[in-house]
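In case you want the letters, here they are:
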Amino acid sequence: MLGVAVATAMIAVGVDVGDKINRELRSYGANIVVYPEDAALDVRIGDQQIKPVSGGAHLKESDLPKIKGIFWGHNILAFAPVLETQTQVDGREVRIVGTYFAKQLHFGTENFVTGAQKLYSWWKMDGSWPKDDSREVLLGSRLAEQSRKHPGDEIKLGVSPARITGIVTTGGAEDNAIIAPLSLAQQIAGEPNAIDEIYVSALTKPEDAFARRDPERMNAADHDRWYCSPYANSIAFQLQETFPGSRAEQIRQAAQNEGAVLSHISGMMLLIALASLIAAALAVSAAMATTILERRREVGLMKSLGATATTIASLFLTEASLLAIIAGLIGFGLGSVIAQRIGRTIFHSGVEITPVLLPIVIFLALLVTIGGSAAAIRRALRLDPVVVLRGDA
Amino acid sequence: MSLRGSMFFHLLRRGLLGRGNRPLIAFIALAVAATMITAMLNLYFGLENKLNRDFRSYGANVTVAAPEGIVLPPATIDKAQQIVPSGSLVVPFAFAIAHASDGSAVVVAGTDFSKLQSLDKWWLVSRWPTATDGAIVGLKAEPLISATNGKFDLNFSGRTLHLIKATKLKTGAEEENRIYVSLPVFEGWTGVRPSLLEISVPGSREQVNAAIRQLHEAFPSMAVRPVRQLLEAQGAVITRMRSVMLASTLLITLTVALCVFSTLTSSVLERRRDFAVMKAIGSSQSTVNGLFAGEALVIALVASFTGYLVGSGLAAWISAANFHTAVAPTMAVLPIVIACSIALALLAALLPLAQLQRIEPAGILKGE
């Protein structure tokens, strides 16, 4: 009966692991980007910027909290706005990237914290994160090497002074830039309330054939279904509606490949759960076989008193089913505890146990027990009462 | 010894073959345990490889860049290819800023399409260019080139290149700003050589870091950098999954072992009459123990080989159904499976015997 318990625990964990790994992957960068529709083409090779930055259209910073108000607002795990500008630092043109670090925002009654700290958890930080709306900045590691600056040093961005709180290694273009709070970047660029791009990390459903269809050619019912599914492109579409004059695109590298990793992981967990169910059935079968062997005298007695095969089979099946229901209940409780423990130790967050699983678990326990004991019961029915009662069997 | 010995083996044989399907139950129980142990261990060892391979589909995980304004020495590509482990992809990129016919600037990249195709499998490209003048045009660069019938011209320091748009590129990142052409065409047109290598190194995070160190030593003047976002994500997911798999392996193995243990124990207890008869006609405790242990041992051995075969098949099936390639069964798993099965069977046979030892044979025979 313990086998049933663990098999069901495996299902609980298996269902949840996909979601956990999804969240894990989502802390490694954005999967959707929002930018102004008529943004000028970015002409950049590596870190060399040919076209002057921040020319042209902008999005409004004041619209940002509305992101949480879209249909799939709860699936938005983090986002960070970006405003790029340039300024003179020690006689050189240096890229300034303005963003949120861990900004407190309000939407309706909801308060939430978002920014680079959540979105870019892989950034290697020497020092500490700056505060939003302050004069504290992060220095890219290559820039820090060239200028020989350290955390705690003062730096002059054009005419305004700032303090370096940390040196950051990202492995990307930010290594050659100064990362500043958005408000400071806006001040340097002279463009209050302006942002260039928003990077959004959203929990999405892996892309399937339906998601790849062109939403503009769908009929109304399909369009509604598409709109209400958390695909990367439907969330992007909803973001686009939120910001007037914007375009939102899924970042295909993240969106497409995560789907593969996730479906493989959850697929494997479910197959393992299935395998352990089969193993549980076999173990139940062996246990039932011994029980019935032990009780063959009982069977013989019942038979000689005139019990039909149906009576005996239903007796044993009822017994097994009762046990299975009890085992299923215990298994659900035990499985929840095990799933919680696994969640806490490995992912540092508890596992949500959905009550929907309970009937499934009980049903599976019944199925496994009845399936497993069928062979043993059939054998018990074939016993000859005379032989059994004489003790020759 | 000879008489006692032959009697011992006779009893052992009868115990295994002459009791109908009762040893079969013990065998099935043990084989199930061995199957699950084998399958879980095989999957546990195979999973990391599979996931590492999944992460390779993200594209490059290492970049080698020449310092600003300099190109990579001509031998760099071949040298890099030799340093990185086999199965790695090394894709060169050369960049230049060209002007479209209306004068707007656009970044043109020259690269090796056949390699790029395997590096960035996720690029949404309807068909890769095959003709020498075929170009991949980024979604955002497209409005600038004002192509007529797919044909367009680009200017680089007074020299014009005629290109044909083979396909549009949609990635959601800065690749969309560029136009990609084949490297020989690019070099012939601009005279600019590659300044960036994107490398995809297969294997775990540690193997990638080792390759990065070797590249560093080989090219001290170049910037060799890991794509941290990718490597860190890969590392985190694999560590997590390894723990999840370890936890499930332990959990399943322990449960199956417990179930099997109770089945085996009851099948030994069921034979307490045999045990009592043997004791009553004068056999020593060690002979009886030896007999029961011998039976358990034979069943465990046969069960563990069967379980190993079935379990390897199960693991291969799970992996084939999920990752579309089977895990190769690991021989290293076999000794673990045999050891576990034997330990389980012996424990299950000898613990109840130790209990029975304290009871007088007469008591058992009388039916108490």
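Residues numbered from 1 in each chain as written. Chains lettered and ligands numbered in written order. Predicted model: local features only at pLDDT ≥ 70, side-chain atom pairs only at ≥ 80, totals over all residues.

Counting secondary structure elements, chain B contains 12 helices and 9 strands. In terms of overall size, chain B is more extended than a compact globule, its C-alpha atoms giving a radius of gyration of 34 Å where 368 residues would be expected to give roughly 21 Å. Seen along its three principal axes, the alpha-carbon backbone of chain B occupies a region of about 110 × 45 × 30 Å. Here chain B holds 368 residues, and 43% of them are scored as buried. Taking as baseline every contact in chain B between residues at least 6 positions apart, the subset at least 24 positions apart corresponds to 83%. (Helix = DSSP H or I, 4+ residues; strand = E, 2+ residues; numbered from the N terminus. Rg over C-alpha atoms; globule rule 2.2 N^0.38 Å. Buried ≥ 20, exposed ≤ 12 C-beta atoms within 10 Å, placed from the backbone. Contact = placed C-beta atoms within 7 Å.)

A tally of helices and strands in chain A yields 12 helices and 16 strands. Against the globule reference of 21 Å for 393 residues, chain A gives a C-alpha radius of gyration of 31 Å, more extended than a compact globule. On the principal axes, the C-alpha backbone points of chain A span a range of 105 × 50 × 40 Å. Burial analysis of chain A (393 residues in total) assigns 45% to the buried set. Across chain A, every contact between residues at least 6 apart in sequence was considered, and the portion connecting residues at least 24 apart equals 78%.

Turning our eyes to something else, we now look at the interface of chain B and chain A. On the chain A side, the residues contacting the 62 residues of chain B number 51 residues. In terms of residue count, the dominant contributor to the side of chain B that touches chain A is helix α8 (residues 228-269) of chain B (23 residues). By residue class, the composition of the side of chain B that touches chain A is 37 nonpolar, 15 polar and 10 charged. (Nonpolar A, V, L, I, M, F, W, Y, C, P; charged D, E, K, R; others polar.)

This brings us to the nonpolar core. Side chains that are nonpolar tend, in soluble globular proteins, to be buried together. Of all hydrophobic cores here, the largest spans 149 residues; its most connected members are Ala283 of chain A together with Ala29, Leu30, Val32, Ala33 and Val260 of chain B. Sorting elements by how many residues they give to this core places helix α8 (residues 252-294) of chain A first, with 22 residues. Residue contacts for Val260 of chain B: discarding those within four places in its chain leaves Ala283 of chain A together with Ala29, Leu30, Val32, Ala33 and Leu344 of chain B. One finds Leu64, Leu83, Val94 and Ile96 of chain A within the second-largest nonpolar core, a separate group that totals 58 residues. (Core = buried A, V, L, I, M, F, W, Y, C linked by C-beta atoms within 7 Å.)

Let us look at the confidence of the model for chain B. Residues and elements named next belong to chain B. Scored by pLDDT, chain B has a mean of 83; 96% of the residues are at 70 or more. Between the elements of chain B, mean pLDDT differs from a low of 71, seen in helix α1 (residues 2-17), to a high of 91, seen in strand β7 (residues 178-182). Overall fold confidence for the complex sits at a pTM of 0.76, while the interface term, ipTM, reaches 0.74. (pLDDT = per-residue confidence, 0-100.)

Let us look at the packing of helix α10 (residues 309-347) of chain A against helix α11 (residues 357-382) of chain A. All names here are of chain A. The geometry of α10 relative to α11 is characterised by a closest axis approach of 8 Å and an angle of 145 degrees between their N-to-C directions. The interaxial crossing formed by α10 with α11 has right-handed handedness. Taken together, the residues that form the contact of α10 with α11 break down as 20 nonpolar, 5 polar and no charged. (Axes fitted to C-alpha atoms, helices over the stretch in contact; angles between N-to-C directions. Left-handed = near helix turned anticlockwise from the far one by under 90°.)

This part is about the environment of Ser266 of chain B. All names here are of chain B. Checked against the element boundaries, Ser266 lands in helix α8. On the basis of neighbour count, Ser266 is assigned to the partly exposed category, with 18 C-beta atoms found within 10 Å. For the pair Ser266 and Ala349, spaced 83 residues apart in sequence, the C-alpha to C-alpha distance is 9.3 Å.

This brings us to the environment of Leu119 of chain A. Residue and element names in this part refer to chain A. For Leu119, the location among the structural elements is in helix α2 (residues 116-119). Its 23 C-beta neighbours within 10 Å are what place Leu119 among the buried residues. With 47 residues separating them along the chain, Leu119 and Trp72 place their C-alpha atoms 18 Å apart. Excluding its chain neighbours within four sequence positions, the residues that come into contact with Leu119 are Gly29, Ala30, Ala78, Phe79, Ala80, Tyr199 and Ser201.

What follows covers unusual backbone geometry. Even without being glycine, Arg148 of chain A reaches a positive phi, approximately 55 degrees. In this fold, Arg148 of chain A is placed in the loop between α3 (141-147) and β11 (154-157). Despite not being glycine, Ser157 of chain B shows a phi value in the positive range, around 35 degrees. Looking at the element boundaries, Ser157 of chain B is found in the loop between β5 (151-156) and β6 (159-169).

Right, let's get into the pairing of β7 of chain B. Residues and elements named next belong to chain B. Among the 5 residues of β7, 5 are classified as buried, and the element is accordingly described as predominantly covered. Taken together, the 2 bridges between strand β4 (residues 134-138) and β7 define a ladder with antiparallel strand orientation. Residue pairing across strands places Val137 opposite Ile179, the latter belonging to β7. (Pairing = 2+ DSSP bridges.)

So, about the packing of α8 of chain A against α8 of chain B. Helix packing for two helices is described by the angle between their axes and how far apart those axes are. Running from N to C, α8 of chain A and α8 of chain B point in directions that differ by 5 degrees, and their axes come no closer than 9 Å. Taken together, the axes of α8 of chain A and α8 of chain B are roughly parallel relative to one another. Where α8 of chain A approaches α8 of chain B, its residues Val261, Ile265, Ile272, Ser276, Ala279, Ala283, Ala286, Ala287 and Thr290 of chain A are matched on the opposing element by Val237, Met241, Ser248, Ile252, Val256, Cys259, Val260, Ser262, Thr263, Ser266 and Ser267 of chain B. A per-class count over the contact of α8 of chain A with α8 of chain B returns 13 nonpolar, 7 polar and no charged. (Parallel < 35°, antiparallel > 145°, perpendicular 65-115°, else oblique.)

A few words now on the environment of Ser221 of chain B. Along the chain, Ser221 of chain B turns up in the loop between α7 (205-218) and β9 (223-226). A C-alpha to C-alpha distance of 27 Å links Ser221 of chain B and Ser182 of chain B, two positions 39 residues apart in sequence.

In this section: α8 of chain A. In this model, α8 of chain A (43 residues) spans 63 Å end to end at C-alpha, consistent with the 63 Å of a helix rising 1.5 Å per residue. When you tally the buried positions in α8 of chain A, you get 34 out of 43 residues, the bulk of the element. (Expected span 1.5 Å × (residues − 1).)

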